[in-house]
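Survey of secondary and tertiary structure
Each chain, letter by letter, is given below.
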Amino acid sequence: MRFYVISDNVDTKVGMRLAGIEGVVVHEAAEVHKALAAAMERPDIAVILMTEHLVRQCSDLVDELKLNRSRPLIVEIPDRHGNGRAKDSITRYVREAIGIRI
């Protein structure tokens, strides 16, 4: 089973390639949908790494795939510009998901 990266910049793809992870660089939403669909159909891919920017571009599709498909696992990664999440993103996520204030 393999990892596969879908990135919006060459630097992330090159870094992952140095670690032995293949991938593709895309920019437009249509390209993201096409790359994600192709990766989802490959039986050798167990984990798809996607940059935060691309996940935000097609969040509805990513959410639907995460909920309705058991594999491959889709993991959101920060790109070279850093993590786009707010400091309390995990706390906020838990609060929204189950209604408990931490």
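Relevant structure appears above.
Treat the numbers as computed from the prediction; the structure is a model and nothing was measured.

Looking now at the environment of glutamate 28. Among the secondary structure elements, glutamate 28 is positioned in the loop between β2 (22-25) and α2 (29-41). Assessed through its relative accessible area of 52%, glutamate 28 is described here as exposed. On a C-alpha basis, the gap between glutamate 28 and leucine 54 in space is 8.7 Å, while along the polypeptide they are 26 residues apart.

A few words on the environment of valine 24. Position of valine 24 among the secondary structure elements: in strand β2. In contact with valine 24, not counting residues within four places along its chain, are Tyr4, Val5, Ile6, Ser7, Lys13 and Ala35.

In the contact formed by α2 and helix α4 (residues 59-68), the axes pass within 11 Å of each other and the chain directions differ by 15°. With respect to α4, the axis of α2 lies roughly parallel. Considering only the axes of α2 and α4, their crossing is right-handed. Contacts between α2 and α4 involve His33, Leu36 and Met40 from the first element and Leu61, Val62 and Leu65 from the second.

Turning our attention to the pattern of salt bridges. Oppositely charged side chains can pair when the atoms bearing their charge come close. Per the counting criterion, the structure on display carries three salt bridges. Across the salt bridge formed by arginine 2 and glutamate 22, the nearest N and O atoms sit 3.0 Å from each other. In this pair, arginine 2 is assigned in strand β1 (residues 2-7) and glutamate 22 in strand β2, connecting sequence segments 20 residues apart. On the basis of relative accessible area, arginine 2 is assigned to the partly exposed category, the value being 42%. Accessibility expressed as a relative area gives 33% for glutamate 22, which makes it partly exposed. In this structure, aspartate 44 engages arginine 42 in a salt bridge whose closest nitrogen and oxygen atoms are separated by 2.9 Å. A relative accessible area of 28% means that arginine 42 is categorised as partly exposed.

Let us look at α4. Within the span of α4, buried status applies to Leu61, Val62 and Leu65. Taken around the axis of α4, the buried residues stretch over an arc of 95°, which confines them to a single face. In this structure, α4 carries Asp60, Leu67 and Asn68 as exposed residues pointing more than 90 degrees from its buried face. Here the buried face of α4 lies against α2, β3 (45-51), α3 (52-57) and β4 (73-77).

Here we take up the pairing of β3. The buried fraction of β3 amounts to six of the seven residues, a majority that puts the element mostly inside the structure. Pairing of β1 with β3 involves five bridges; the strand directions are parallel. Paired with phenylalanine 3 across the bridge in β3 is valine 47. Of the strand pairs in this sheet, β3 and β4 are connected by five bridges, and their pairing is parallel. Across the sheet, residue valine 47 finds its bridge partner in β4, namely leucine 73.

Here is what the cut-offs are and how they apply
Residues numbered from 1 in each chain as written. Predicted model: local features only at pLDDT ≥ 70, side-chain atom pairs only at ≥ 80, totals over all residues. Heavy atoms only, no water. Helix = DSSP H or I, 4+ residues; strand = E, 2+ residues; numbered from the N terminus. Buried < 20%, exposed > 50% of the residue type's maximum accessible area, 1.4 Å probe, protein only. Contact = heavy atoms within 4.5 Å. Axes fitted to C-alpha atoms, helices over the stretch in contact; angles between N-to-C directions. Parallel < 35°, antiparallel > 145°, perpendicular 65-115°, else oblique. Left-handed = near helix turned anticlockwise from the far one by under 90°. Salt bridge = Lys/Arg side-chain N within 4 Å of Asp/Glu carboxyl O. Arc of directions from axis to C-beta. Pairing = 2+ DSSP bridges.

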